[in-house]
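Take a look at the letters that make up each chain.
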Amino acid sequence: MMDDQAGSPVPGCSLPADVDGLLDAYADDPVLAVTPDGAQRVGDVARSRGCRRLNKEDVSSTSVSLSWRPDRDWGNAELRRTYDPVADAAGWRYAEIPDRGPAVDGESFLSWCRSVRDVPSRLIVRSNPTQRVDVRPSSADRSPSPQWSVASPAGIYLTIFADQACPAS
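Everything quoted here is computed from the prediction, not taken from an experiment.

Draft legend 1. Molecular detail of the overall build of the protein. Secondary structure summary: the protein contains two helices and eight strands in total. Listed N to C, the secondary structure of the protein is α-β-β-α-β-β-β-β-β-β in terms of helices and strands. Across the 169 residues in the protein, those meeting the buried criterion constitute 39%. If you take every contact in the protein between residues at least 6 apart in sequence, the share linking residues at least 24 apart comes to 66%. Surface summary for the protein: the accessible area is close to 9600 Å², and the carbon and sulfur share equals 50%.

The structure is reproduced here in structure tokens:
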């Protein structure tokens, strides 16, 4: 699925050469073929062209992504055991992102870099734990309420995108 229609083009933003070929290469990466134990795939591989205005602050990147619903929470060690061998065999080099803390408590976040079709690229694999989320608007004088709490299931998310910050291979 190509997400080309989302947002308007951003003037002055440039896409990688042969963006369709790059997206095909990303979508064919063997890491995306890995099925985490006890997980169900959520939809197909989503493709996104870069340089599209998503909202006031954000611009899309040239990327592919895939999501999984695991039957349990996954930590860094389990993600590394599952994805390191395939990523290494595909030429990805583990590359931590400095100063990147978890977005949610219990989140695991892994990152690798390599050149794909001469474009510096990054592979991100992250997992979020099962969480209880209070859906009621709250404020400083009104604490979260268990009655308004819903379960947000665990998830594993893979994204491959063009990233000039990745070291050249």
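Draft legend 2. Fine view of the pattern of salt bridges. The final tally for this structure, using the stated rule, is nine salt bridges. Residue Arg47 is joined to Asp24 by a salt bridge in which the shortest nitrogen-to-oxygen separation is 2.6 Å. Taken as a pair, Arg47 in strand E1 (residues 39–48) and Asp24 in helix H1 (residues 19–27) lie far apart in primary sequence, 23 residues in all. Take Asp24: its relative accessible area is 36%, and that puts it in the partly exposed class. Each of Asp71, Arg72 and Glu78 takes part in one network of salt bridges that share partners.

Draft legend 3. Spatial organisation of the packing of aromatic side chains. Here the structure, examined in full by the defined rule, presents one aromatic pair. Ring centres 5.6 Å apart and planes at 80 degrees place the aromatic pair Tyr94 and Trp112 in the edge-to-face group. Taken as a pair, Tyr94 in strand E3 (residues 93–94) and Trp112 in strand E4 (residues 108–116) lie far apart in primary sequence, 18 residues in all. Above the ring of Tyr94, the side-chain terminus of Arg80 is found at 3.8 Å from the ring centroid. Taking NZ or CZ as reference, Arg114 lies 4.9 Å from the ring centre of Trp92, over its face.

Cut-offs applied
Residues numbered from 1 in each chain as written. Predicted model: local features only at pLDDT ≥ 70, side-chain atom pairs only at ≥ 80, totals over all residues. Heavy atoms only, no water. Helix = DSSP H or I, 4+ residues; strand = E, 2+ residues; numbered from the N terminus. Buried < 20%, exposed > 50% of the residue type's maximum accessible area, 1.4 Å probe, protein only. Contact = heavy atoms within 4.5 Å. Areas by Shrake-Rupley, 256 points an atom, 1.4 Å probe, with all protein chains shown as cover. Salt bridge = Lys/Arg side-chain N within 4 Å of Asp/Glu carboxyl O. Phe/Tyr/Trp six-rings, centres within 6.5 Å; stacked < 30°, edge-to-face > 60°. Lys NZ or Arg CZ within 6 Å of the ring centre and 35° of its normal.

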